[in-house]
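# Coordinate inspection notes
In case you want the letters, here they are:
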Amino acid sequence: MSKPPCVMFGQVVIGPPGSGKTTYCLGMQEFLTKLGRKVVVVNLDPANDGLPYQCSVDIAELVTLDDVMDGLKLGPNGGLIYCMEYLEANFDWLEKKLEPFKGCYFLFDCPGQVELYTHQNSVKNIFAQLTKWNFRLTAVHLVDSHYCADPAKFISVLCTSLSTMLHVELPHVNVLSKMDLMEEFGKLAFNLDYYTEVLDLSYLLEHLASDPFFKKFKRLNEKLVELIEDYSLVSFVPLNVQDKESMVQVMKVVDKANGYCFGDLEERSMEAMMSAAVGADFHFASYPYSHCTLFC
């Protein structure tokens, strides 16, 4: 009887430039490693140099943005699209590089160009190919939390997040990154739950209506809000990568989205880590599916 194919779990980390993708990959790699997972980080961003984390597979071995821009006289946006199309045309290279790490947990650090996740199909096709190779992936979409301080920017972020969710076609977790820096950008108009749960957006419209610049776009903003609320898909998980409790919350949501199940060893490691972080009285709330078994 033939052995069933190995199922591999992981995250594809996406989001606009500067949203903290590489920092997230470094923090999550260290966090999960302490829990006993064998974590492999794959850099799929051809513009990413000076990687701070231990990188097991690097697209720079295949193609780099600088080489493409110099050789083909393309700008950074066109160059990134070419790089992703080149990777798509060389799936055999990627498969060969990933082969030695079967059974590990994967973090894919992806490029930041927004159009790659809303309009262009190469990255979507790469994710689809990984799924065919028995990867169970969650798209972790990072958004800088300072956008919450500006109603117009927050509506724009909601539209981008919704478009990305529909285009990428993976289990999806939206994350508000850099929560530790939010206070630097001014006081929020509403409490944090309003932004993470994306509650009644009519209140944001009232704020926009008081701005002379946005007053003339009232009808357009109403339609955008109506579209977001009709889909009712977008919500956010807040993240401070320096805070263990915050990392736990993100990890729990991601694990639920891609189907990863805790084993007993990892659960005990979580208990020990969190007890050390917040005091001996802390008890980690087990997943309802924590006693599932993962077979490879």
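The sections below set out a description of the structure shown in this document. (Residues numbered from 1 in each chain as written. Predicted model: local features only at pLDDT ≥ 70, side-chain atom pairs only at ≥ 80, totals over all residues. Heavy atoms only, no water.)

### Description of the overall build of the protein
When helices and strands are tallied, the protein shows 13 helices and 7 strands. Relative to its 296 residues, the protein shows a buried fraction of 48%. Within the protein, counting contacts between residues at least 6 apart in sequence, those at least 24 apart form 75% of the total. Of the roughly 14700 Å² that the protein leaves accessible, carbon and sulfur atoms contribute 53%. (Helix = DSSP H or I, 4+ residues; strand = E, 2+ residues; numbered from the N terminus. Buried < 20%, exposed > 50% of the residue type's maximum accessible area, 1.4 Å probe, protein only. Contact = heavy atoms within 4.5 Å. Areas by Shrake-Rupley, 256 points an atom, 1.4 Å probe, with all protein chains shown as cover.)

### A few points about the pattern of salt bridges
In total, this model carries 7 salt bridges according to the counting rule given. A salt bridge links K102 to E99, with the nearest nitrogen and oxygen atoms 3.5 Å apart. For K102, a relative accessible area of 48% puts it in the partly exposed group. Where K124 meets E169, a salt bridge forms, and the shortest distance between an N and an O atom there is 3.6 Å. You can see K124 sitting in helix α6 (residues 122-132) and its partner E169 sitting in the loop between α7 (151-168) and β6 (172-177), a full 45 residues away along the chain. Overall, K124 belongs to the partly exposed group, its relative accessible area being 21%. Take E169: its relative accessible area is 56%, and that puts it in the exposed class. (Salt bridge = Lys/Arg side-chain N within 4 Å of Asp/Glu carboxyl O.)

### Quick notes on the sheet that holds strand β2 (residues 39-43)
The 7 strands lie next to each other as β3-β2-β4-β1-β5-β6-β7, forming an open sheet whose pairing is parallel. Looking at the sheet topology across the chains shown, the edges are occupied by β3 (55-58) and β7 (237-238). Of the strand pairs in this sheet, strand β5 (residues 135-144) and β6 are connected by 6 bridges, and their pairing is parallel. Counted as the bridge partner of V140 is V173 from β6. Against the sheet, α6 engages β1 (8-14), β4 (105-109) and β5, with an angle of about 145° to β5. (Pairing = 2+ DSSP bridges. Axes fitted to C-alpha atoms, helices over the stretch in contact; angles between N-to-C directions.)

### Topic: the layout of surface pockets
Empty pockets left among the atoms are what a rolling probe the size of a water molecule brings to light. One number sums up the size of the second largest pocket: a volume of about 220 Å³. Residue lining of the second largest pocket: 12 residues in total, with G27, E30, F31, V241 and M247 positioned closest to the centre. No other element matches the 6 residues that helix α1 (residues 21-34) contributes to the lining of the second largest pocket. In terms of residue class, the lining of the second largest pocket is made up of 5 nonpolar, 3 polar and 4 charged. (1 Å grid on protein atoms, 1.4 Å probe; cavity = no way out; pocket = protein on both sides within 12 Å on 5 of 7 lines; lining within 4 Å. Points joined across faces, edges and corners; volume = space filled by probe spheres on them. Nonpolar A, V, L, I, M, F, W, Y, C, P; charged D, E, K, R; others polar.)

### Quick look at the pairing of β6
Consecutive side chains of a regular strand alternate in pointing toward one face of the sheet and then the other. Extensive coverage of β6 is indicated by the burial of 6 of its 6 residues. Between the parallel elements β5 and β6, the chain passes through α7 in a crossover that is right-handed. Bridge analysis of β6 against β7 gives 2 bridges, and the strand direction is parallel. By the bridge assignment for β7, L176 is matched with P238. (Right-handed = clockwise from strand over helix to strand, strands pointing away.)

### Let's talk about the packing of aromatic side chains
Counted under the stated rule, the structure contains 13 aromatic pairs. Note on F190 and Y195: the rings are 6.4 Å apart at their centroids and 50° apart in plane angle, and the pair reads as tilted. Both rings, one in Y194 and one in Y195, keep their centres 5.3 Å apart while their planes meet at 80°; by these two values the pair is edge-to-face. No difference in accessibility class separates Y194 from Y195, as the two residues are buried. Linked through ring pairs, F154, F190, Y194, Y195, Y203 and F236 together constitute an aromatic cluster. Stacked on the ring of Y105, the Lys or Arg R37 has its end atom at 4.7 Å from the ring centre. Sitting over the ring of Y260, R37 keeps its end group 3.9 Å from the ring centre. (Phe/Tyr/Trp six-rings, centres within 6.5 Å; stacked < 30°, edge-to-face > 60°. Lys NZ or Arg CZ within 6 Å of the ring centre and 35° of its normal.)

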